[in-house]
Amino acid sequence: MARKMIDLHCHILPGIDDGAKDLECSLSLLREQKRQGVQSIMFTPHFNREKKSVEEFVALRDAAYRKLIENEEFQSMNISVKTAAEIYFAANLDQMDLSKLSYGDSNYVLLELPFHFKPHGLMYVVDNVLNRGYIPIIAHVERYDYIAKEPDILYELAERGCLAHINAETLIKDSSKSSMPMKYIKWGLVHFLCTDCHSMEKRPPKLEEAYSILEKKLGQDYCDDMLENAACVFNGEPLDLTDNIRKPKKFLGSWI
Ligand SMILES: [Fe+2]
């Protein structure tokens, strides 16, 4: 039976960021998602406070959203969709109005970190965001150099109540047991697979293939858990996975 999948991170909305450049590009991504069995999608265009205010971003995002949902072909696809944002880390994140950037009407927010350096005050800002009732989902955790070097940073985030995802293409490129993303999954520090798709040329959606790899490597239960987790976020339901996490340990120079 085909898997009923949910994508919580993608750049499908037309003409708003470096993702789908126009409506046709959006529709081709959606056709492919539909073909694979993706039933629900959160639209998460990039948001960077240094470049736009929350209000400006939301106005642009909602205009792109309306353009898409008014399209007849889109309506015939029967895919459930909601809006959110991929929020780039900022030291004043805890002071922003996150209610318009969160996943649908929920208290989950998708947070992107700098790729090459651990931001100053990361845990302090994350604590303040959590204290305000929002749950950060850390975007594509496999892409941060400092987390690959010191995965206990990811553990510290998870211990506080943060969630995290890896990109589908990461598993497709390397799902060997020794790869860091596979270790993150086994330590219980990754809770979702997402496409982070931009276009059919630049990072096309590949959830179906990634879930098949996950099933083959780690078993059906891992797939079921991630599908269930994604459904909870999409529906704005509570999700506490802190009991399932394991602290990475260094042994003979490797993280185990
Ligand atoms: Fe993204």
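To be clear, the structure that these remarks concern was listed above.
Below or above, wherever it landed, is the structure these notes cover.

Here is what the cut-offs are and how they apply
Residues numbered from 1 in each chain as written. Predicted model: local features only at pLDDT ≥ 70, side-chain atom pairs only at ≥ 80, totals over all residues. Helix = DSSP H or I, 4+ residues; strand = E, 2+ residues; numbered from the N terminus. Buried ≥ 20, exposed ≤ 12 C-beta atoms within 10 Å, placed from the backbone. Contact = placed C-beta atoms within 7 Å. Expected span 1.5 Å × (residues − 1). Pairing = 2+ DSSP bridges. Axes fitted to C-alpha atoms, helices over the stretch in contact; angles between N-to-C directions. Parallel < 35°, antiparallel > 145°, perpendicular 65-115°, else oblique. Nonpolar A, V, L, I, M, F, W, Y, C, P; charged D, E, K, R; others polar.

1. Notes on the overall build of the protein chain
In terms of helices and strands, the protein chain carries 10 helices and 11 strands. When each of the 256 residues of the protein chain is scored for burial, the buried share is 39%. Of the contacts formed within the protein chain by residues at least 6 apart in sequence, a portion of 78% connects residues at least 24 apart.

2. A look at helix α2 (residues 54–69)
Since the α-helix advances by 3.6 residues per turn, residues separated by three or four positions end up pointing in the same direction. The terminal C-alpha atoms of α2, which comprises 16 residues, lie 22 Å apart, in line with the 22 Å expected from a rise of 1.5 Å per residue. In the core, the buried residues of α2 are packed alongside β3 (46–47) and β4 (80–83).

3. Some thoughts on the sheet that holds strand β2 (residues 38–43)
On the basis of which strands lie adjacent, the open sheet formed by three strands has the order β1-β2-β4 and parallel pairing. Every interior strand has two partners, whereas the edge strands, β1 (5–7) and β4, have only one. Adjacent strand axes in the sheet meet at a mean angle of 15°, parallel and antiparallel pairs treated alike. Note that β2 and β4 share four bridges and pair parallel.

4. Digging into the packing of helix α9 (residues 207–218) against helix α10 (residues 220–235)
Put simply, α9 and α10 touch, their axes get as near as 6 Å, and they point 135° apart. Overall, the two elements α9 and α10 adopt an arrangement that is oblique. Contacts between α9 and α10 involve Y211, L214, E215 and L218 on the former and, on the latter, Q220, Y222 and C223. The residue inventory of the contact of α9 with α10, partitioned by class, reads five nonpolar, one polar and one charged.

5. Looking at the pairing of strand β6 (residues 108–112)
Counting buried positions over the five residues of β6 gives five, a clear majority of the element. Residues Y108, L110 and E112 point to one face of β6 and V109 and L111 to the other, with burial holding for every one of them. The sheet contact formed by strand β5 (residues 86–88) and β6 spans three bridges and is parallel. The residue bridging E86 from the neighbouring strand is L110, located in β6. Relative to strand β7 (residues 135–138), β6 runs parallel, the two being bridged by four bridges. Bridging across to β7, L111 finds its partner in I138.

Geometry only, nothing functional implied.
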